[in-house]
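Results of the structural survey
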Amino acid sequence: MRSSNPVFSRRGFSRDNGYAGFNAAPQAGGPAVGTQGNPYAQGAPGAPQGGNPYAQNPYAQQDLQHGAPPQTPPAAGRMTMDDVVARTAMTLGTVTVGAVLAWVLLPVTSSSFGLAIGSALIAMVFALVQAFKRKASPALILAYAAFEGVFLGVISEMYNSRWSGAPFQAVLGTMAVSGATLLIYKAGWIRVTARYARIGMAIAIAFVLVMAVNLLLVVFGVADDGGLRSMGPLGAIVGILAIVLGAFFLTLDFKQIEDGIAYGAPRDEAWLAAFGLTMSLVWIYLEMLRLVAIFSGND
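Read on for an overview of the structure. From a predicted model like this one, the values you see are computed outputs, not experimental measurements.

With that out of the way, let us pick up the overall build of the protein. Scanning the protein from N- to C-terminus turns up seven helices and zero strands. For the protein, the N- to C-terminal ordering of α and β elements is α-α-α-α-α-α-α. Split into buried and exposed, the 299 residues of the protein put 47% on the buried side. Taking the intrachain contacts of the protein between residues at least 6 apart in sequence as the baseline, contacts between residues at least 24 apart amount to 75%. A total of about 14600 Å² of accessible surface is found on the protein, and carbon and sulfur atoms cover 68% of it.

It is worth spelling out the environment of alanine 293 at this point. With respect to the element layout, alanine 293 can be found in helix H7 (residues 269–296). A relative accessible area of 1% means that alanine 293 is categorised as buried. Apart from residues no more than four positions distant in its own chain, alanine 293 is found in contact with Tyr159, Trp163 and Met231.

Enumeration over the complete set of coordinates arrives at five salt bridges. The partner of aspartate 83 in a salt bridge is arginine 87, with the nearest N and O atoms 3.7 Å apart. With aspartate 83 and arginine 87 both in helix H1 (residues 81–105) and four residues apart, the pair spans about one turn of that helix. By relative accessible area, aspartate 83 is classed as buried at 10%. On the basis of relative accessible area, arginine 87 is assigned to the buried category, the value being 17%.

What counts, and at which threshold
Residues numbered from 1 in each chain as written. Predicted model: local features only at pLDDT ≥ 70, side-chain atom pairs only at ≥ 80, totals over all residues. Heavy atoms only, no water. Helix = DSSP H or I, 4+ residues; strand = E, 2+ residues; numbered from the N terminus. Buried < 20%, exposed > 50% of the residue type's maximum accessible area, 1.4 Å probe, protein only. Contact = heavy atoms within 4.5 Å. Areas by Shrake-Rupley, 256 points an atom, 1.4 Å probe, with all protein chains shown as cover. Salt bridge = Lys/Arg side-chain N within 4 Å of Asp/Glu carboxyl O.

Geometry only, nothing functional implied.
Structure below.
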């Protein structure tokens, strides 16, 4: 199953059974557990193993209690954790370079804010184009990262001019949330199942729709002081909920990476993993930045 939305869903590696390949149940008389729904398995079920080293049940030794796939030996042309780390570092590095350059070169003015909004829109276009492509495009992903970095740099500088040190605190908060989410995920306290993904995505879509309506109400003067996104207690509650949703997105990213490695996904899929991780971290950073500003008050 493949989603075209770069924000509300994540690309799973098992597309035929279950939700994005999460804990798909085997069917009676069907292929062995792990081979059904594997888009990278070659040949018919039960046939001799072909060119794909993971064609014969990559989950044969799966821990049924925790749903954790086994560690499989890397093969040429297959995605590995090193590939994911390297491409994520490249993508986040591009975001960072863009943000630093925007911070240093662009003063805090209304024109800079307009440039930030324009950069965010361009980044969104690149993200949507990549989301509708069947294969990862490193050029599109890095272009998205560059323009997203410009947007983050300008916005961060504006926040820093009003609340000194807010961007640095937001970075620390983002690292804390992402690190804690990874530890909880690896400890098995969170199981990314079909039900978990469906409920989480429904909440995320509802959240964004409510925020869109709130924005329209603010623009037309119906809601004062930002409405649900005010700089008061209500805005803080909404911000915390948004950060929790960002952590939810990260768990889907982690599951995507695990499944990709277990199923023997092509190496290019590591770019999609980096793409998803970057968007999740950007989401958390922006919400953390706003939350820091709210708790800092008018200081």
